[in-house]
Every structure is written in structure tokens, then in C-alpha cells.
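Architecture at a glance
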Amino acid sequence: MKESNRGAFASKFGLIMALAGSAIGLGNIWRFPFLAGENGGGAFLIIYLALVALVGLPMVLSEFVIGRSSGLDAVKSFKKLAPKTKWYYTGYLAVIIGFVLLAFYSVVSGWAFRFLWESVATGFVGQSAADIKDSFHSFTASLWGPMLTGLVFVGLCALIIAQGVEKGVEKFNKILIPLLFVMLVALCINSVTLDGWGEGMRFLFLPDWSAVTFQTFLDALGQVFFTLSIGMGVMITYASYDKSKGNMVRSKVTVSILDTTVAIISGIAIFPAVFTFGLTPTEGPELVFVTLPNVFAQMPFGWPLAILFFGVLSIAAITSGISILEMLVSIFIERFDMSRRRATIVTSLMTAVLTVLCALSSDIFNFFDMLSSNLLMPLCGLLVAIFVGWFMDKKLRGSTFTTNGQYATAIYPIFVFLIRYVVPISIAFIIVSLI
Ligand code: TRP
């Protein structure tokens, strides 16, 4: 397939919404609040923000430099930029991570769908805390439920992807992401009216340094990777659809700010409610799926608010899911010379098999999560950083980053320093800490 047939984003707004759609996901609404809850609230937030600037942003920009300068997918980019080397294995690593992460992601997104359904059907009205906990555990442990909802998620992503880059990915993100913002802001406004508002805000913004350990830094860095969709070639793929030649730094800073804002707004929507009803925000992954339904069951207008919240979670999950699937589809189209439709069918069927495995066994589920988020994504990120920092043609790197000297020339040397030293060393810490 020729380069020009690969598809492209039609507008700058579309590009930014697609990037934000990829970044904003379960990571912001499900993962960030529970990690902040476990790691000292505001203290976690400060460490996280510093790592976004020092590691996250340079990583996003690196993937963008690769995708924009090659105009190709995650495998072919390396083949073009470093011919006759083995760097393209980084792209294949991204494919493996993509399948593993998407399977895990589909299962959790399936939970979100199921809770959206439950919210519409009952709004958790009249359920006791024990009922809610039981119903979550019996659902996740059941045979058919998680499998079915996970598969519905994969199917939905496939339907959107099959429409193409502009008519599928871009169009849906342009509608869904602004909608998500409006819905989240509505939830925040409701939060202000609650008795636990002050306590929730103090928890989210006042740092409790006593809860900070070395693990906090690792959790924060892992979260930066996860939430900005780094370390999997997604940004390389989306960058290759960006034909605008605009200011790369500005659009990436915008996306990082949007992403962080959503994480913080989610915290604002969640914590005051949790404190109002005397619950604890340190429940880990169950914060959103057990603690919050309890809140909705007791709150005035809990029913519509529950629909709003799980609607937001489902939308965020879909826009991220399609970015992972798109990365896989783009590689399959090129590698096996397939039509977009066929590549979508093949990749989503493969994902479906892994999703079923993940839904059936919590051991596989945990293993997939650990393997992708903790090990392979940092490894892939490390390879990308070393490639862009040390191996890539310097002139091409500089001209891509600054769009031929038009923008961000003062920032460029800082970027080079971060990507050569700060980023690889930080990532090495994550990997070494696992061994
Ligand atoms: N960023 C998404 C979230 O926060 C998850 C995600 C989408 C992702 N695409 C990715 C993570 C690529 C790593 C790599 O939920």
C-alpha cells in the first residue's frame, strides 16, 4: 500500500481530539484516583506532574518525531529510519504489547459497560454495601458476563476502526471527547455541593508526604506511561497520520494538559463523594467499581449521576481502545498487504481470543496487566528513547521536532538532554526494580 493511501487526520482539532482520546482512558478515571488514594493524595499528584513534564512529554514527542519523520507505522518507521538494523523489532514488540494490553483493557472496559447497564437499570438504588461488593465480585468471577462485555467492547472498537482514520477514528473522537468533558464537569459541579467537598479537596491537593515511598515514584512513572499512551507505538501511528506540519510541541503540551486535567477532574468528582458517605479512598482498583456505586446508592440524584459517571468511563475506554487497535491494524495492513476491513477483522479476532482468556482467569488477567504495564511498555519506551536520543539521524530529528526550524527551537536542546539521559535512567529504574 502506498504511503498516501494510509489515511490522515483532516484537521488539527481532529488530531488533538484523537490524541486526547487515546490518552484519556481508564488510566485517568479508574487508575489515577486509586493510585493517588493509596499514595498520599497531593504528594502523588506533585510527583506525577513532575514526571509528566520530565519523562512523559519527552517520550510522547519522541514517538511523534519517529512517526512524523517517517510517515509510516511502528514497524516500517524503524525500517525506514534505520535501514539494515534490527531496530524494527521495537515495532514488533509494540504489536505484542498491543494485543496483551488490549485484552486486559477490554475486560476492564467490559466491567465499565456492565456498570453502565446496571446504572441505567437500577442506579444501585436500595442496594446495601454488602450487595454491591458481592455483585462486583460475583460478576468478575462469573463465566459469561466478563467475557461477553469484553467482546462487546472489542467489537465496538472494531466497528469504529473499520470506517477508516478520518471517518472512524477522527470523527468519533471529535464527538466523544468534548462530550466526555461536559459530562465530567457536570459531575464536578455536583461534587461542590457535597458535605465532603472540603475533605475531598484536602485529600487530593494537600500532600501527605508520609505516604510516599520509593514505590510511589514507580507507581507514578508507570501511571505516566499508561495514561499518555507511551511505549506502544500508538503515538508513532497517530503521528504518521498528521500531515499538518504544525507546532508539534504545542499540540503535545495541549494533549498532556488535557489528559492531566481529566485525571484531576476525576479526582474532584470522586473524592468528595467518597468522604461524604464516610467511605475510604484507599480501596485500590475497587475504588471506582465498589466504593462509587455505594456512593451513588446513598446520594440524592444518585441514579442519573451513576449513569453519567459510568457513561464517562465507557466513552473514555472506547476512545483509548480504538487507538490501540488502530496501531495494530495499521501494521497488519502494511505487513500482510491487507485491506483495512480485513486487517480489522483479523486483529480484533486475535484480540477477542486473548480477551476471553483474560476474562476467564484472574491469573492471566493479572499477568497480562503486569507484563504489559510494568515490563514491556517501559522496555519499548526505553528502546524508543535510546533510538531517538542516540541513534536517529540528528538532522532529521532536529528538523522534525522544530518543523524545519519554525517552532520550539529553544526547547529542542532541553528535549535532547531529557531524552538522552533523564528518560532512559528513569525507565531503567522501573525495570531494575522489578528484577
Ligand atoms: N492512555 C490510556 C488510558 O489512560 C490507555 C492506553 C491507550 C494506552 N493506548 C495506549 C496505554 C497505548 C499505553 C499505550 O487509559
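Position numbers for residues start from 1 in each chain and track the written sequence from start to end. For a predicted model such as this one, the threshold for reporting local features is a pLDDT of at least 70, and the threshold for listing and counting side-chain atom pairs is 80 or more; totals across whole chains, interfaces and linings nevertheless cover every residue. The side-chain values count all of the structure's non-hydrogen atoms but skip hydrogen atoms and water molecules.

**Thoughts on the nonpolar core**
- To qualify as a nonpolar core, a set must consist of buried Ala, Val, Leu, Ile, Met, Phe, Trp, Tyr and Cys residues joined through side-chain atoms within 4.5 Å. Residue burial is assigned from relative accessible area. The probe radius is 1.4 Å, only protein chains are included, and a residue is buried under 20% of its type maximum, exposed over 50%, and partly exposed in between. Residues M59, V288, F289, F309, F310, L313 and F387 are the most contacted members of the largest nonpolar core, which totals 159 residues.
- Secondary structure is summarised from DSSP: a helix means a run of H or I of at least four residues, a strand means a run of E of at least two, and numbering begins at the N terminus for each. Among the elements that line this core, the one with the most residues is helix α14 (residues 302-335), at 19 residues.
- Not counting residues up to four positions away in its chain, the partners in contact with F309 are I29, L187, I270, V288, L292 and F296. Residue contacts are defined here by distance: any two heavy atoms, one from each residue, within 4.5 Å place the two residues in contact.

**Notes on the packing of helix α17 (residues 394-401) against helix α18 (residues 412-434)**
- At a minimum axis separation of 11 Å, α17 and α18 run at an interaxial angle of 125 degrees. Comparing their axes, α18 and α17 come out oblique. You can see that α17 and α18 cross each other, and the crossing is right-handed. The segment α17 lies against α18, with K394, R397, G398 and F401 engaging Y412, F415, V416 and R420.
- Charged residues are taken to be Asp, Glu, Lys and Arg, nonpolar residues to be Ala, Val, Leu, Ile, Met, Phe, Trp, Tyr, Cys and Pro, and polar residues to be all remaining types, Gly included. Here the contact of α17 with α18 is composed, by residue class, of four nonpolar, one polar and three charged. Axis definition: a line fitted to C-alpha atoms, over the contacting stretch in the case of helices. Angles run 0 to 180 degrees between N-to-C directions. Angles below 35 degrees are treated as roughly parallel, those above 145 as roughly antiparallel, those between 65 and 115 as roughly perpendicular, and all remaining angles as oblique. Left-handed describes a crossing in which the near helix is turned anticlockwise from the far one by less than a right angle; the clockwise case is right-handed.

**Comments concerning a nonpolar patch on the surface**
- Exposure above 30% relative accessible area and no salt bridge define the residues that can form patches, which grow by joining like charges within 9 Å and nonpolar side chains of Val, Leu, Ile, Met, Phe, Trp and Tyr within 5 Å. With residues, only the protein chains shown are counted as cover, and all accessible areas are computed by Shrake-Rupley using a 1.4 Å probe. For this analysis, a salt bridge means a side-chain nitrogen from Lys or Arg found within 4 Å of a carboxyl oxygen belonging to Asp or Glu. Where nonpolar side chains cluster on the molecular surface, the patch consists of F214, F217, W390, F391, F417, Y421, I425 and F429 and spans about 880 Å² of accessible area.
- Elements that contribute at least two residues to the nonpolar patch include exactly α10 (214-227), α16 (362-391) and α18.
- The dominant element in the nonpolar patch, judged by the number of residues it contributes, is α18, at four residues.
- Topologically, Y421 is positioned in helix α18.
- When its relative accessible area of 38% is taken as the criterion, Y421 is described as partly exposed.

**Notes on unusual backbone geometry**
- A positive phi is found at F301, a non-glycine position, where the angle reads about 60 degrees.
- Its place among the elements puts F301 in the loop between α13 (286-298) and α14.
- On the accessibility criterion, F301 (66% relative accessible area) is exposed.

**Some details on the site of the ligand**
- In the vicinity of the ligand lie 18 residues, with L26, G27, Y105, F226 and S229 positioned nearest.
- Contact between the ligand and G27: an oxygen atom at 2.8 Å from a main-chain N or O atom of the residue.
- Any pair of N or O atoms that falls within 3.5 Å is considered a polar contact. Within protein, one atom must be able to donate a hydrogen and the other to accept it, and sequence-neighbouring residues count only if both atoms are side-chain atoms. Between Y105 and the ligand, the recorded distance is 2.5 Å, taken from a side-chain N or O atom to an oxygen atom.
- Protein contacts shield 100% of the accessible area of the ligand, which totals 360 Å² for the unbound molecule.
- For the ligand, the cavity whose grid points lie within 2 Å of the majority of its atoms is the largest cavity.
- Elements with a contribution of two residues or more to the shell around the ligand: α1 (12-23), α2 (26-38), α5 (89-121), α10 and α14.
- Partitioned by chemical class, the residues of the shell around the ligand number ten nonpolar, eight polar and no charged. Note on definitions. A residue lies near a molecule or strand when any single heavy atom of the residue is within 4 Å of it. The way it works is a 1 Å grid over only the protein atoms, where trapped points that fit a 1.4 Å probe form a cavity and open points with protein on both sides within 12 Å along at least five of seven lines form a pocket, and then any residue with an atom within 4 Å of a point lines it. Any molecule with more than half of its atoms within 2 Å of a cavity's or pocket's grid points is regarded as sitting in that cavity or pocket.

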